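Letter by letter, the chains look like this.
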Amino acid sequence: MSDSFDWPALTAQAVAVSRRAYAPYSRYPVGAAATADDGRVVVGCNVENAAYGVVLCAECGVVSSLHATGGGRLTHVVCVNGAGEVIMPCGRCRQLLWENGGAELEVMTAAGVRRMDEVLPDAFGPEDLESFDGR
Ligand code: THU
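Computed from a prediction, not measured in an experiment: that's the story for all the values here.

Analysis parameters
Residues numbered from 1 in each chain as written. Predicted model: local features only at pLDDT ≥ 70, side-chain atom pairs only at ≥ 80, totals over all residues. Heavy atoms only, no water. Helix = DSSP H or I, 4+ residues; strand = E, 2+ residues; numbered from the N terminus. Rg over C-alpha atoms; globule rule 2.2 N^0.38 Å. Buried < 20%, exposed > 50% of the residue type's maximum accessible area, 1.4 Å probe, protein only. Contact = heavy atoms within 4.5 Å. Areas by Shrake-Rupley, 256 points an atom, 1.4 Å probe, with all protein chains shown as cover. Lys, Arg positive; Asp, Glu negative; His and termini not counted. Charge placed at Lys NZ, Arg CZ, Asp CG, Glu CD. Pairing = 2+ DSSP bridges.

**Section: the overall build of the protein chain**
Of the regular secondary structure elements, the protein chain holds five helices and six strands. Counting helices and strands in the order they occur from the N terminus, the protein chain gives α-β-β-α-β-β-α-β-β-α-α. For the protein chain, the C-alpha radius of gyration of 15 Å lies close to 14 Å, the compact-globule estimate for 135 residues. Principal-axis analysis of the C-alpha atoms places the extent of the protein chain at approximately 45 × 40 × 30 Å. Across the 135 residues in the protein chain, those meeting the buried criterion constitute 41%. The contacts of the protein chain with a sequence gap of at least 6 include a subset with a gap of at least 24, amounting to 59%. As displayed, the protein chain offers around 7500 Å² of accessible surface, 53% of which is attributable to carbon and sulfur atoms. For the protein chain, the distance from the average position of its 10 positive side-chain charges to the average position of its 17 negative side-chain charges is 9 Å.

**Let's talk about the pairing of strand E6 (residues 112-115)**
In this structure, strand E5 (residues 106-109) lies alongside E6, joined through four bridges in antiparallel fashion. From the neighbouring strand, Thr 109 faces E6, where its bridge partner is Gly 112. Between E5 and E6, which pair antiparallel in sequence order, lie two residues.

What follows is the structure, given as structure tokens:
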């Protein structure tokens, strides 16, 4: 774990972007902020839809921004709700984060910093596809 990492600064960016959330249906804004391995910060907010099931979680925005601004790997991530409280990424978003940060990605949780392989143990990932030669 990187004890020196500035989690308060990253969390402040998540809080800031949560204010841009489009969440008229749930009224539950979410902001997410992450650092990439080159040091840049990428952010996202949830974007809901009248067809409720097609909601874009805040982490979807983070991952899109990661790729849209140059790619790389996520190293640290934090998600907050509209009250500025740290929340856990939903199950689907843990899978998104795994793909783009892997086991070592550090996730801020209400219980402190945890590795991605703690919050998504025994994950399915790219290696599973590579290890199968039947395609
Ligand atoms: N939401 C996120 O943006 N990320 C999560 O990890 C959990 C849930 C959003 C989706 C929906 O717009 C709202 O929170 C309530 O579920």
